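Here is how the chains run, residue by residue.
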Amino acid sequence: MSDFVKTGPSAPQGYFAAEAAGLAWLDEPQAVPVVTVLETGKDELRLERLESVEPTAEAAREFGRRLARLHDAGAEGFGWAPGDKAWFGPLEKPFDVASDVREDFPDYWADDRLRPLADRVTRTLGADGHDTVDEAIDVIADGAFDGISGQGTEEASRVHGDLWSGNVLWTADGATLIDPAAHGGHRLEDLAMLSLFGAPFLDAIFEGYEAEHPMPGDWEQDLPAHLFFGLLAHVHLFGEAYVDQTIATAEAIIARADQLGF
């Protein structure tokens, strides 16, 4: 078996161990193919080398079905992470995130994830932008997105945590997960991140997901609330290029919460 080595001497202590733990946890339910960890070192992670193929609509539908099963495997609570510490972002400059276990989604999403990150990018957002972002976080904290489309509340799901299209590798075995920021979260986090930069056959992924786990008809209107962390992270990591999109997303969150009666 050939291998692929991720290495980063400047990576935080425990970074590669956390990634390996996340991959093992995602693989545990045997729902979605996950890249195999061959060896974990202090400054590197040795992985199975995967051969990519062109994605198809049917492979995307199957991925959606499998992703729903992964989410349904559950987690110990919101924010729980399988490693001793948790990070988000690229190998070159990841930042730490809280891994406190929360029973309620707003405590985890608004207070542990969104507010600390919004505070880090206050100057980049500008005064008006930061006010809009704060208002969006407030409506999330008030419970507008505890469920889906304002219905019920979600239990913590087993999520990849950074499921943009680049972290899904299409192979002969189907869509395979790489580079996770695995944790207990809301199931829409992964679906939102897939939409952020346009995963191949996104509609087919969503079709497969809904076939396995039926959703309210307007559930996609909730996605801005769940990609908000990813966008704020991009502002933190890459600067002003993502500010306009982040503020527009905050406005969409506020509008959606108002539509849902919050």
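Structure: see above.
Residues numbered from 1 in each chain as written. Predicted model: local features only at pLDDT ≥ 70, side-chain atom pairs only at ≥ 80, totals over all residues. Heavy atoms only, no water.

> In this structure, what is going on with the packing of aromatic side chains? I would like to understand it.
In this description, a pair of aromatic rings is defined by centroid distance and the angle of the planes. The final tally for this structure, using the stated rule, is 16 aromatic pairs. Between the aromatic rings of phenylalanine 206 and tryptophan 219, the centroid separation amounts to 4.9 Å while the plane-to-plane angle is 70°, which identifies the pairing as edge-to-face. Remark: tryptophan 219 occurs in the loop between α6 (202-212) and α7 (223-238) and phenylalanine 206 occurs in helix α6; sequence separation between them is 13 residues. For phenylalanine 206, a relative accessible area of 3% puts it in the buried group. Members of the aromatic cluster, joined through ring pairs, are Phe78, Phe88, Phe95, Phe105, Tyr108, Trp109 and Phe229. (Phe/Tyr/Trp six-rings, centres within 6.5 Å; stacked < 30°, edge-to-face > 60°. Helix = DSSP H or I, 4+ residues; strand = E, 2+ residues; numbered from the N terminus. Buried < 20%, exposed > 50% of the residue type's maximum accessible area, 1.4 Å probe, protein only.)

> Even after reading the chapter, I still don't get the side chain of arginine 113, so can you show me in this structure?
As for its placement among the helices and strands, arginine 113 is situated in helix α3 (residues 105-120). One buried charged residue, arginine 113, forms no salt bridge at all, with the nearest opposite charge on glutamate 189 at 5.3 Å. Once residues within four sequence positions are removed from consideration, arginine 113 is found in contact with Val97, Ala98, Tyr108, His183 and Phe229. (Lys, Arg positive; Asp, Glu negative; His and termini not counted. Salt bridge = Lys/Arg side-chain N within 4 Å of Asp/Glu carboxyl O. Contact = heavy atoms within 4.5 Å.)

> Is there a simple way to think about the packing of α3 against α7 in this case?
A pair of packed helices is characterised by two quantities: the angle between their axes and the separation of those axes. Taken N-terminus to C-terminus, the directions of α3 and α7 make an angle of 25°; their axes are 9 Å apart at the nearest point. Here α3 lies roughly parallel to α7, going by the angle between them. Crossing handedness for the pair α3 and α7: left-handed. Here Phe105, Trp109, Arg113, Leu114, Leu117 and Arg120 of α3 lie close against α7, whose contacting residues are Ala225, His226, Phe228, Phe229, Leu232, Ala233 and His236. Here the residues of the contact of α3 with α7 are counted per class, giving nine nonpolar, two polar and two charged. (Axes fitted to C-alpha atoms, helices over the stretch in contact; angles between N-to-C directions. Parallel < 35°, antiparallel > 145°, perpendicular 65-115°, else oblique. Left-handed = near helix turned anticlockwise from the far one by under 90°. Nonpolar A, V, L, I, M, F, W, Y, C, P; charged D, E, K, R; others polar.)

> Please explain the sheet that holds strand β1 (residues 3-7) as it appears in this structure.
The strands making up a sheet associate through backbone hydrogen bonding, with each pair oriented either parallel or antiparallel. Spatial ordering of the open sheet is given by β1-β3-β2, a layout of three strands whose pairing is antiparallel. Of all strands in the sheet, those bounded by a partner on one side alone are β1 and β2 (37-40). Each neighbouring strand pair of the sheet contributes to a mean axis angle of 20°, computed without reference to strand direction. (Pairing = 2+ DSSP bridges.)

> Help me understand the pairing of β2 in this model?
Along any regular strand, the residues point their side chains to alternate faces of the sheet. Bridge count between β2 and strand β3 (residues 44-48): three bridges; the pairing is antiparallel. Bridge pairing in β3 places valine 37 opposite leucine 47. Between β2 and β3, which pair antiparallel and follow one another directly, the connecting turn spans three residues.

> Is there a simple way to explain the packing of α7 against helix α8 (residues 243-259) in this structure?
The N-to-C vectors of α7 and α8 enclose an angle of 155°; their axes lie 9 Å apart at closest approach. By the angle between their axes, α7 is roughly antiparallel relative to α8. Regarding α7 and α8, the two cross each other, and that crossing is left-handed. For the pair α7 and α8, contact is made by Pro224, Ala225, Leu227, Phe228, Leu231, Leu232 and Val235 and by Val243, Gln245, Thr246, Thr249, Ala250, Ala252 and Ile253, respectively. Class assignment for the residues of the contact of α7 with α8 results in eleven nonpolar, three polar and no charged.

> Could you clarify how one ought to interpret the pattern of salt bridges in this entry?
When their charged atoms lie close together, side chains carrying opposite charge are able to pair. Following the criterion strictly, the structure yields 20 salt bridges and no others. Arginine 102 is paired through a salt bridge with aspartate 112; the nearest N and O atoms lie 2.8 Å apart. Here arginine 102 is found in the loop between β5 (95-96) and α3, whereas its partner aspartate 112 is found in helix α3, with ten residues between them in sequence. Overall, the relative accessible area of 29% leaves arginine 102 in the partly exposed class. On the accessibility criterion, aspartate 112 (12% relative accessible area) is buried.

> Before we go on, may I ask you to explain the nonpolar core in this structure?
For soluble globular proteins, the rule of thumb is that nonpolar side chains tend to be buried together. Phe63, Leu67, Leu163, Leu177, Leu191, Leu194 and Trp219 are the most contacted members of the largest nonpolar core, which has 47 residues in total. At the level of secondary structure, the elements contributing two or more residues to this core comprise α1 (15-27), β3, α2 (57-72), β7 (168-171), β8 (174-177), α5 (188-196), α6 and α7. Beyond its immediate chain neighbours, meaning those up to four positions away, tryptophan 219 contacts Ile148, Ser149, Leu188, Leu191, Phe206 and Glu210. One finds Ala181, Ile247, Ile253 and Ile254 within the second-largest nonpolar core, a separate group that totals 37 residues. (Core = buried A, V, L, I, M, F, W, Y, C linked by side-chain atoms within 4.5 Å.)

> I'm lost on α1 in this one. Help?
One full turn of an α-helix is made of 3.6 residues, so residues set three or four places apart face in the same direction. Along its 13 residues, α1 runs 19 Å from first to last C-alpha, staying within 8% of the 18 Å computed at 1.5 Å per residue. Tyr15, Phe16, Ala18, Glu19, Ala20, Gly22, Leu23, Trp25 and Leu26 are the residues of α1 that are buried. (Expected span 1.5 Å × (residues − 1).)

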